[in-house]
Amino acid sequence: MLGLMKYLKKSAGWIVVIVALLFLQAYCDLALPDYTSRIVNVGIQQQGIEDGVPEKMRPATMEGLLSVSEGADRETLSDAYTLEEDLYILKDTVKGTKREELNDAVCQAILLLSQYASQLGAGEGTLPAQGISQLPDSMIQQAAAAFVRAEYEAIGEDVDRIQMQYILKAGAEMLLMALLIMAASISVTFLSSRVAAALGHDLRNGVYRKVMGFSSGEYNKFSTASLITRSTNDVQQVQMTMAMMFRIVLYAPILGIGGVIRVLRTDSSMTWILGLGVGLILAVILMLFLIAMPKFTMLQTLIDRLNLVTREILTGIPVIRAFSREKHEEERFEEANERLTRTNLFVNRCMTFMMPTMMLIMNGISVLIIYNGAYAVDEGSMQVGNVMAFIQYAMQIIMSFLMITAMSIMLPRANVAAVRIGEVLNTEETIRDPEHPRSPQPGAEGTVEFDHVSFAYPGAGENVLTDITFKIAKGQQAAIIGSTGSGKSTLINLIPRFYDVTGGAVRVDGVDVREMSQRELRDKLGYVPQKGVLFSGTIASNISYGKEDLNKEEIERAAKIAQAEDFIKEKKKGYDAPIAQGGTNVSGGQKQRLSIARAIAKDPEILIFDDSFSALDFKTDSALRKAIRENTKETTTIIVAQRISTILNADLILVLDDGKAAGIGTHKELMKNCEVYRQIAMSQLSEEELANE
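Every chain's residues receive numbers from 1 upward, in the order its sequence appears when written. The model is predicted, so local features are restricted to residues of pLDDT at least 70 and side-chain atom pairs to those at 80 or more, both for listing and for counting; the totals for chains, interfaces and linings are taken over all residues. Calculation of side-chain values draws on the structure's entire complement of heavy atoms; hydrogens and water are dropped beforehand.

Naming follows an unreviewed UniProt entry, where the chain appears as ABC transporter ATP-binding protein/permease of Candidatus Blautia faecigallinarum.

Peer 1: Describe the UniProt feature "transmembrane region" (unreviewed entry) in the chain, naming the residues involved and giving the relevant values.
Peer 2: UniProt positions are given in the numbering used here, feature names are shortened, and annotations may be inferred rather than shown by experiment. UniProt feature "transmembrane region" (unreviewed entry): in the numbering of this structure it lies at residues 174-200, 244-264, 270-292, 350-371 and 391-411. A run of DSSP states H or I qualifies as a helix once it reaches four residues; a run of E qualifies as a strand once it reaches two. Both are numbered from the N-terminal end. Secondary structure content for residues 174-200 is 100% helix and 0% strand, and the end C-alpha separation is 38 Å. Across residues 270-292, the secondary structure splits into 91% helix and 0% strand, with the terminal C-alpha atoms separated by 34 Å.

Peer 1: So what's going on with the packing of aromatic side chains? Residues and values would help.
Peer 2: Here a Phe, Tyr or Trp ring, Trp counted by its six-membered ring, pairs with any other such ring whose centre lies within 6.5 Å, and the pair is stacked when the planes are under 30 degrees apart, edge-to-face when over 60, and tilted otherwise. The full count for this structure, using the stated rule, is seven aromatic pairs. Centre to centre, the rings of Phe-455 and Tyr-457 are 5.0 Å apart; their planes meet at 80°, and the pair counts as edge-to-face. For the exposure calls, accessible area comes from a 1.4 Å probe over protein chains only, and a residue counts as buried if that area is under 20% of its type's maximum, exposed if over 50%, partly exposed in between. For Phe-455, a relative accessible area of 2% corresponds to the buried category. Geometrically, the ring pair formed by Phe-498 and Tyr-527 is edge-to-face, given 5.4 Å between the ring centres and 85° between the ring planes. In this pair, Phe-498 is assigned in the loop between helix 15 (488-493) and strand 7 (503-508) and Tyr-527 in strand 9 (residues 525-528), connecting sequence segments 29 residues apart. Taking relative accessible area as the criterion, Phe-498 reaches 24% and is therefore assigned partly exposed. These aromatic residues form a ring-pair network of at least three members: Phe-455, Tyr-457 and Tyr-499.

Peer 1: Tell me about the sheet that holds strand 7, residues and numbers included.
Peer 2: Within the open sheet, the four strands sit side by side as 5-4-7-8. Their pairing is antiparallel. Looking at strand neighbours, the two that pair on one side only are strand 5 (465-472) and strand 8 (511-512), the edges of this open sheet. Think of it this way: DSSP has to see at least two bridges between two strands before they count as a pair. Examined bridge by bridge, strand 4 (residues 448-455) and strand 7 share five bridges and lie antiparallel to one another. Across the sheet, the residue bridging to Ser-454 is Gly-503, located in strand 7.

Peer 1: Let's hear about the nonpolar core: which residues, and what values?
Peer 2: Side chains of a nonpolar character, in soluble globular proteins, are inclined to be buried together. By size, the foremost hydrophobic cluster in this structure holds 80 residues, and its most contacted members are Leu-203, Val-238, Ile-365, Ile-369 and Ile-421. The element that contributes the greatest number of residues to this core is helix 14 (residues 384-425), accounting for 18 residues. Those residues within four positions of Ile-365 in sequence are excluded, and the remaining contacts are Ile-273, Gly-277, Ala-394, Met-395 and Ile-398. What we call a nonpolar core is a set of buried Ala, Val, Leu, Ile, Met, Phe, Trp, Tyr and Cys residues that are connected through their side-chain atoms within 4.5 Å. Contacts are residue-level and defined by heavy atoms, with any inter-residue pair within 4.5 Å sufficient.

Peer 1: So what's going on with the packing of helix 10 (residues 271-291) against helix 13 (residues 326-379)? Which residues, and what values?
Peer 2: A fitted line through C-alpha atoms represents every axis, and for helices the fit uses only the stretch in contact; the resulting angles, taken between N-to-C directions, go from 0 to 180 degrees. Close contact between helix 10 and helix 13 brings their axes to 10 Å; oriented N to C, the two are set at 170°. What the angle tells us is that helix 10 and helix 13 run roughly antiparallel. Across from Trp-272, Ile-273, Leu-276, Gly-277, Leu-280, Ile-281, Val-284, Ile-285, Leu-288 and Ile-291 in helix 10, the residues of helix 13 making contact are Phe-346, Cys-350, Met-351, Met-354, Thr-357, Met-358, Ile-361, Ile-365, Leu-368, Ile-369 and Asn-372. Taken together, the residues that form the contact of helix 10 with helix 13 break down as 18 nonpolar, three polar and no charged. Angles are sorted into four bins: roughly parallel if under 35 degrees, roughly antiparallel if over 145, roughly perpendicular if 65 to 115, and oblique for all others. Gly counts as polar in this scheme, as do all residues outside two lists: the nonpolar Ala, Val, Leu, Ile, Met, Phe, Trp, Tyr, Cys and Pro, and the charged Asp, Glu, Lys and Arg.

Structural data, given as structure tokens:
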């Protein structure tokens, strides 16, 4: 996954915004338990009185507090109030630290005054100096709040209104926090989806561009099914995980760490319960990794296998039916499907077991907190609201681990997908454009030269072609013939640089093809492969594929030369007739003729036909070769052929035998000088036909 992070650079600004929103959401989430605690502790138990500091009090109360205060506490108390209209009013400047100091002084004085008053009622005249400091903070705070409330009632304040105002204010702030959480969550989801979608787009684009730049050698490293899976399913996995990562993986640590800090501030006496819960969750996660994760890494490979089998079956249906192998292929598909299903079921069962276990841990932690909290409340060392807040913080901390656990299910699979995408993106291209491309030599346009060319496929131990040398001048028609496996198609694939030679040089227009840019080189060529390839669209769009600005007359001319005009006119929509994907709605001969028309319409310097007349009958073949010769006199033509009749009138014939040049010349010259050619000719033509030729 980390290797693909560079594709997030252009979304860096959005990622910063997402992180900021996550911190805002976490802050609001972590604030809610504190508000709950305050509503219970202050709003309900202390009846809206926040601390032991009265906002106003009677002179008699002030004198009583001063009488039991000493030293700094007495000075702090007297400096905090001013006498206005027979009431002591708290100064506006008493805030923050000053109010906390005043609260300590007032609480101490209130407790001393209360105890003194109770002892006088019991007939005792001494003021106790011990016992107050040992009281829990919660008891001191509640006693002080009760004293303040009694003072407000004596003054005539509406204490019920004070309580209700506090609860409504805290509730409104909680509602505001909830709205902020909702807004932040929606924004994070939207932006995360946007960033993840941009990443998916860039990865698909990167894989596509990389594959388009592959030579045949790199392309053969990956099966077509695997490349499709990597471009679709694998990218989908990474995109989905990235969207969840921003919302969960980044958010979980923020929430968890923040929850721990808040817990320590609330009460540290029960943190061992959190440690126990986290330990149990980590044990479950570890077990999950050990058992289920190996299966996750297998899923993408199994999807690859299923795609491969499915693609083979769908593309080979005619052959499967012809050989009555439906049962065998059904078993192959079922085996691949069954393996994928079993693996998915195993993983899902593990997940099914995991979630109830996590919920059991969460509920157990809640019960344990309530059990311990009840004793703390009974002893006065903790308030009810603090127990409630502790439970909420504990659930937030545990939930953050649960979120990470949920992501741990997706991350291994996404990591496998990312590695597979990275394999494509990091594959070194063996065929690259030179840093300083050379331009063709003037006067050498249309020439093709093989200069002592040798070639071996990557990883192969032997040469497929060895020391091939010949030259084709502009406007000449050259032919390449030989037995099956002699290297004919390999030889012409060196011209457009589908492969690079391993020895010697191939020159087009007088320049080594390795010194030209691939685009410039291929712009000079019109290539017709052995297997005609058509694209979904119309007949016109397929013919104009190599040169999009063709007008109607040029398209019709190319179709006429390729002997495709007759069957095109028979179609209702003519040149606008639809072509299905792969050309499945036209015959093999029609497909070949449209492929030839596409190459001719480009009007290239060099036309290459790789055994492209094999699906044509003799009459159409003869008419096509005649039309090509008459209409492309300035174009260099290279024909790979199996039939002697196709190349009898070629200006130059290269005979290949086991990757070597067995002969070069015209038909008559080769019949005299090349035994290999003579044997091919005699096997295809009668003595009478040879004599006539």
